[in-house]
Each structure stands twice: as C-alpha cells, then as structure tokens.
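# Chains, contacts and geometry: an overview
Here is what each chain is made of, one letter per residue.
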Amino acid sequence: MGIEKLSGAQLYDAYAQEFRKKTDNSNYATKGTTTVTIVEKKKDLDKGVSIQHSASNLSPKAAKENQKNYEKNKEHIENSNSTVTYIDKKAYKAAEKERKNTEKELVKKYCAEGHSKKEAKQMAKNEVEQNRYIGNKNTKKFINTNQELFYDENGNYSADKARKFARDCANISTDKDENGNLLEVENGYLSLKERRNAAAKYGVKDDVIADIAKNTGHGYEKDNTGLYRAAYVTGMTATGGLLGFGLGKLTKAKATAIADAEAVVKDAAGNIIASGTNTATAVASTTAAVPGAIIGAGLGLGAGLLTMKKIKDNGGTEPKIYDPNPTPPQTTPDPQPEPVQPVNPQPDIDPEPEITPEPEKCILKPDELLEETCVYTLKKGQSLYDAVRDGYKLKDHKQIMKFVHEIKDRHGVKYTDNTPRTKWDMPEIEGRKFNCDVNVKGTVKKYGKSSGSQGEFTRNDQFWYEDCDNNRSNIFTNRAERDAEMAKKQAEIDAK
C-alpha cells in the first residue's frame, strides 16, 4: 500500500481553502467560505440581472443577499462621506482638538437629555466628522506627485478629491453602460482586484491605494498572500516529513518535494551525495543519525520556499449590488404632430401699407436692497462655533457646522483655519437672523468662562436702477446719489 502523492497546486488549494475558512475577512455575505458556496451564490445573484441590471428580477434568496450587501455598502459610503483626511499634521491636530471639544459638549447635552453615557458617546461620534491623518511616506509621495488628482484649484490638498479618487478606484469593477454611467449602486468597498488594477494604472504599489481607501473611510479587502504562503510552506514541510517518516525505516530513504525545484541530501560531513530536479526526488543511504523524517521535512521546506512565490491571494468574488427600491425612469411621451389647417384661397386685395409703430419710451426703474447686518465681536473663550450655536439658536451639530462654513466662505477663510478672529459679520442664513444681543457661552476652557453681548448692527444698503432690458446700473450707497444719476440718464434717453 503506497502513499498518495499530491501536486503542488492540489496541496496549495487544500491549505488555501482551509485557511480562508478560518481567516475570511469578507465584508459581504456572498464571499463564502468555500469555492462551491461562492459559485452557488454568484449563480443566484446573476439570475435575471445581467440584462436588467436591477434587483427587480432577483430570486427571493438572491434578493435577501442583495439587501444585506446594499446595507453594508451604504455603511461604507456613509463612513467615507463623514471622514476628513489631512496630510498636514498641524492641521490634523487642530481639527482633532476641535472634534474632541465638540464631542464632549454633545455628550454632556445627550446625558442631560436622559441618555446613558455610552449612548451619548455613540450619538456624539455619529454627528461629528472623523479625522484621519495620512502619514505613510509612500502614500504622501504619490499624492504630492499627482496633485491634479488630490489638490484643488488653489493648490491645496483636498480631502474631497482624495475621497473621490478612492471611490473611483472602488468602482473599477462596477458595471457601467457605454457612456460610463453606473448600472449598479456606487460602491464604497475596494476589492483586492480593484486595488491591484488601480495600482497598475497609476504605477504605484497596491498598498498605497489601500492606504488611501482606508484613510478616506472606505471598506477594503485585505491581501492574505503572506499568510497563504506561510500556510503553503508549512504544508510542504509537514508533507515532506510525513513521507520521510514512512520511508525512514528502509535502508534507503526516499524524500519527494512536490514542486519544480532542486532537492539535495548530504552526508554527515556535509557532502552532497544525491540530488533530484523537476519532481525533486532524492535517494540516499541513511543511518540512524540521519532520520528519514528530518530529510523529508528539509526537502519539503526547501521546495516550499523555492516555489511559494507562485502562491498569491487573488481575492474573493465581489458581488453586484443593486438598489432594492430603484426609482423608475421618467418617460416622455412622443410629441404629437400639429394638425394642418386647410388653406383657403383669398381674393387679390391690395396690401395695406405697413405702419411702423413708434418705439416705446424707455422709463428707468429704481430698485434697492435694505439690509442690516450684525457684526459680532468674540471674547476670549468664545469660538465662532459657540456664536453660531447661540446667535442663530441652533442645536444640530451638522447645521451649526454648515452655518460656520458659510460664514467662513463670506470672509474668505478656509474651513480648517481656526486662527482666532475678533469680529465676524453674521448675515441672515436660510431665513434665520442672528440675535445681535445674544450672550454667547464660551467653551474654550483655557480662557475660563466668558459671556457678554458684543454685537452691533451695521447698514449694508444697496441702491441701483434698471433700464428697459433689465440691465442693472452701478451700486450706490444712498438714494440721493442713485436718483440724481438716474434723472441724468433718463434725460439723455428722452432727448434721443
């Protein structure tokens, strides 16, 4: 009765499948624990989809699977949209400081509303944008050498463009029509195949693509090549030792390495006394000092190390994901031809002479915008966030940050610039007027508690006039100047 030989591919397949069962890092339900499961689920998922590209014709089993994947993908998208990346460490630390302070205030608020501290922390975390610092030198080098992909028109690093780059990489394998429009939902998970394809496209290591996806909050598939190779080499060594042990009692020991590699056997002095290639079979006289198990294990280890580069994690099968409740396309009815009116012949009549109407006299129209703006002066211990929260009477963190960003836009200040400024113009936003008499409660602890009314109103009135074509004149600061200029212009028009 002989011992059955396994090829290198068979041995790898056995170890790889067993290893995937134990270390599967799938983010999707359709990436099963065995090859058979993957194929079965892929068949279910593809029923009625390859042509329709929708979830409407899926079987109940496939529809349930699609719903799970849709929810998981939605979570990846939301995580990414609420994540802000930085490549400047100072800016990152400043943003983190602001985030922590905001979270603390929100935790206090939710605890006061009756939530447990654990619930309050989770609720606060969900409301505040999460910050990530990209510190990997290879990733930074790639970003700085491809500024057209990661920098805005002002030459500054853009977290939005970094998020878009990662999202585009994650949708390389997503089905598209001939115009490039997605036929599935937008994907927020970067598969191993997609990251390698992106790396080949941009001439960079796939670890860099994975690092960008990770830091921008996207899901990504890990590369288990190193673990698979370790399992493969372990299996080769164990198999070689088993063969050597079984044959070690014979006067001649036969050890076989299952790969295209060279295997050798040495005597006690270290001289090569036998070698083999191709199937790596080596035969040698043995003594009690050279057990067959050691010889076999050594041959298996050597062959495994020589051939492990052929072992590679090719990634799992990424499912196609469709919107479970898609919006039906809007159809426009074909235009109906207009009915043709019959033409009745008219008797010959001398045409009446055309009368050219006199042009209407152009009358200039005055117009104006009366606006009163509050200029608010902050004290030590108060931030723009505090002023917006109290002055506009807002509670929702996202709405507060939206108002803060709009005010910073009006002043030409970057969102990440938290340099203390004394005065801020507080305009009317979304129908909300700033309470210029508000007592702002400060939250910057190092300055202590602070409150007080520092608002004052300033006029920002604008006056102008329009001609008959609705063309607007220059802006005047008062009515008298506007009226004088309009009268002068009207006289010129009347004189023509």
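Within any chain, residue numbers begin from 1 and follow the written order of that chain's sequence. The predicted nature of this model means local features are confined to residues of pLDDT at least 70 and side-chain atom pairs, given and counted, to a pLDDT of 80 or more, with totals for whole chains, interfaces and linings taken over all residues. As a convention, hydrogens and water are excluded, and side-chain values are obtained from all of the structure's heavy atoms.

## Here we look at the packing of aromatic side chains
- Between rings of Phe, Tyr and Trp, where Trp is taken as its six-membered ring, a pair exists when centres lie within 6.5 Å; planes separated by under 30 degrees are stacked, by over 60 edge-to-face, and by other angles tilted. Applying the stated criterion across every chain, the model contains 11 aromatic pairs.
- For the ring pair Tyr392 and Phe403, a centre distance of 5.2 Å and an interplane angle of 75° mean the geometry is edge-to-face. One end of the pair, Tyr392, is in the loop between helix H13 (384-391) and helix H14 (397-411); the other, Phe403, is in helix H14, and 11 residues separate them in sequence. When sorted by exposure, Tyr392 lands in the same class as Phe403, which is buried.
- By way of ring pairs, the aromatic residues Phe142, Phe150, Phe165 and Tyr202 are connected into one cluster. The secondary structure listing takes helices from DSSP runs of H or I that are at least 4 residues long and strands from runs of E that are at least 2 residues long, numbered from the N terminus. Exposure categories follow from relative accessible area, calculated using a 1.4 Å probe and restricted to protein chains: below 20% of the type maximum is buried, above 50% is exposed, and the middle band is partly exposed.

## Considerations on the packing of helix H9 (residues 192-202) against helix H10 (residues 206-215)
- Each axis is a line fitted through C-alpha atoms, taken for helices only over the stretch in contact, and angles between the N-to-C directions span 0 to 180 degrees. Across the interface, H9 lies against H10 with an axial gap of 8 Å and an inter-helix angle of 115°. For the pair H9 and H10, the sense of crossing is right-handed. When H9 is examined against H10, the residues Arg195, Arg196, Ala198 and Ala199 are found in contact with a partner set consisting of Asp206, Asp207, Ile209 and Ala210.
- For the contact of H9 with H10, the residue count by class is 4 nonpolar, no polar and 4 charged. Handedness of a crossing follows from how the near helix is turned relative to the far one, being left-handed for an anticlockwise turn of less than a right angle and right-handed for a clockwise one. Note on contacts: a residue pair qualifies if any of its non-hydrogen atoms lie within 4.5 Å across the two residues. Only Asp, Glu, Lys and Arg are considered charged in this grouping, and only Ala, Val, Leu, Ile, Met, Phe, Trp, Tyr, Cys and Pro are considered nonpolar; every other residue, Gly among them, is considered polar.

## Points about unusual backbone geometry
- The backbone of Lys393 sits at a positive phi, close to 60°, despite the residue not being glycine.
- Residue classification places Lys393 among the exposed residues on the basis of a relative accessible area of 64%.
- In the Ramachandran plot, Glu430 falls in the positive-phi region, its phi being about 50° despite a non-glycine side chain.
- The class for Glu430 is partly exposed, based on a relative accessible area of 48%.

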